[in-house]
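# Analysis of the macromolecular model
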Amino acid sequence: MALDGTALQQVARARAEELPTAKMTLPFGPDYDVAKVLGKMFLLLTEVKGTPVAVVKAEPRDAEALRGAHPEITPGYHMNKRHWITLSPGGLEAEFVRELVTDSYLLVVETLPRARRPVDPQTFLAAEGGTGTSSTDGPAT
């Protein structure tokens, strides 16, 4: 079932809170909930013109493909348009939103020094029993 704005943010927040060492913060004020892993942002929850949205990190190639395939996915609101995407309510399913939040988290974890990483981005999805869509799953076909 497609998510409305409130449900979209609830699913994104719940997934972020499940991820190892992730914390929800309010660094930009009460209208911007931000999920961080070891101080690095991977999820922004806010409203755009009164509509609740979620903004996540994505590989540039994946971001472009996702924007082309889903009208609810647009360039990242107030973020680098190549590396971030905005998820809007309408046609996105809960599991897909969960995967995109997880992929965003893993992209950020990959940038951390190996000794500080809370998970191994290469094996995390397999350890969770999922497949996901992350670029860390291997080369795109």
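The residue count restarts for each chain, going from 1 along the sequence in the order it is written. Restriction of local features to residues with pLDDT of at least 70 applies here, the model being predicted, together with a cutoff of 80 or more for giving and counting side-chain atom pairs; totals for whole chains, interfaces and linings are based on all residues. Note: side-chain values were computed over all heavy atoms of the structure, leaving out hydrogens and water.

## Structural notes on the overall build of the protein chain
Stated formally: Secondary structure elements follow DSSP: runs of H or I no shorter than four residues count as helices, runs of E no shorter than two count as strands, and numbering proceeds from the N terminus. Radius of gyration here uses only the C-alpha atoms, and the compact-globule reference equals 2.2 Å multiplied by the residue count raised to the power 0.38. When accessible area is computed with a 1.4 Å probe and restricted to protein chains, residues below 20% of their type maximum are described as buried, those above 50% as exposed, and intermediate ones as partly exposed. Note on definitions: a residue-residue contact is assigned when non-hydrogen atoms from the two residues lie within 4.5 Å. Per-residue and other accessible areas were derived by the Shrake-Rupley procedure at a 1.4 Å probe size, with only the shown protein chains allowed to occlude residues.
Scanning the protein chain from terminus to terminus reveals four helices and six strands. In sequence order, the protein chain lays out its α and β elements as α-β-β-β-β-α-β-β-α-α. Taking 14 Å as the expected radius of gyration for a compact globule of 141 residues, we find that the protein chain reaches 14 Å, a close match to that expectation. Along the longest, intermediate and shortest principal axes, the C-alpha atoms of the protein chain span 40 × 35 × 25 Å. Relative to its full complement of 141 residues, the protein chain shows a buried share of 41%. For the protein chain, restricting intrachain contacts to residue pairs at least 6 apart in sequence, the fraction spanning at least 24 positions comes to 51%. For the protein chain, the accessible surface area stands at approximately 7400 Å², while carbon and sulfur atoms represent 53% of it.

## Observations concerning helix α2 (residues 60-69)
Condition: Note that the arc is computed from the directions linking the helix axis to the C-beta atoms.
Looking at α2, one finds that the buried residues are Pro60, Ala63 and Leu66. The arc that holds the buried residues of α2, viewed along the axis, is 125°, so those residues lie on one side. Exposed residues lying more than 90 degrees from the buried face of α2 are Arg61, Glu64, Gly68 and Ala69. On its buried face, α2 sits against β5 (73-75), β6 (84-87) and α3 (94-111).

## Description of the environment of Pro52
Of note, Pro52 is situated in strand β4 (residues 51-57). Contact partners of Pro52, with chain neighbours within four places excluded, come to Gly5, Thr6, Leu8, Gln9, Thr46, Glu47 and Pro89.

## Looking at the sheet that holds strand β2 (residues 33-37)
Applied cut-off: For two strands to be treated as a pair, DSSP must find at least two bridges joining them. Each axis is a line fitted through C-alpha atoms, taken for helices only over the stretch in contact, and angles between the N-to-C directions span 0 to 180 degrees.
Sheet architecture is open: six strands sit in the order β1-β2-β3-β4-β6-β5, paired in antiparallel fashion. Each edge of the open sheet carries a strand with a single partner, namely β1 (22-25) and β5. Taken over all neighbouring pairs, the strand axes of this sheet differ in orientation by 25° on average, direction set aside. Where β1 and β2 come together, four bridges link them in antiparallel fashion. Paired with Ala22 across the two strands is Val37, which belongs to β2.

## Some words on the pairing of strand β3 (residues 40-48)
Pairing of β2 with β3 involves five bridges; the strand directions are antiparallel. Its bridge partner being in β3, Ala35 is matched across the sheet by Leu43. Where β2 folds back onto β3 in an antiparallel hairpin, the turn is made up of two residues, including Leu38, whose phi is positive at roughly 50°. Here six bridges tie β3 to β4, and the two strands are oriented antiparallel to one another. Bridging from a neighbouring strand, Leu43 pairs with Val56 of β4. The turn joining β3 and β4, which pair antiparallel and follow one another in sequence, is formed by two residues; a positive phi near 50° is taken by Lys49.

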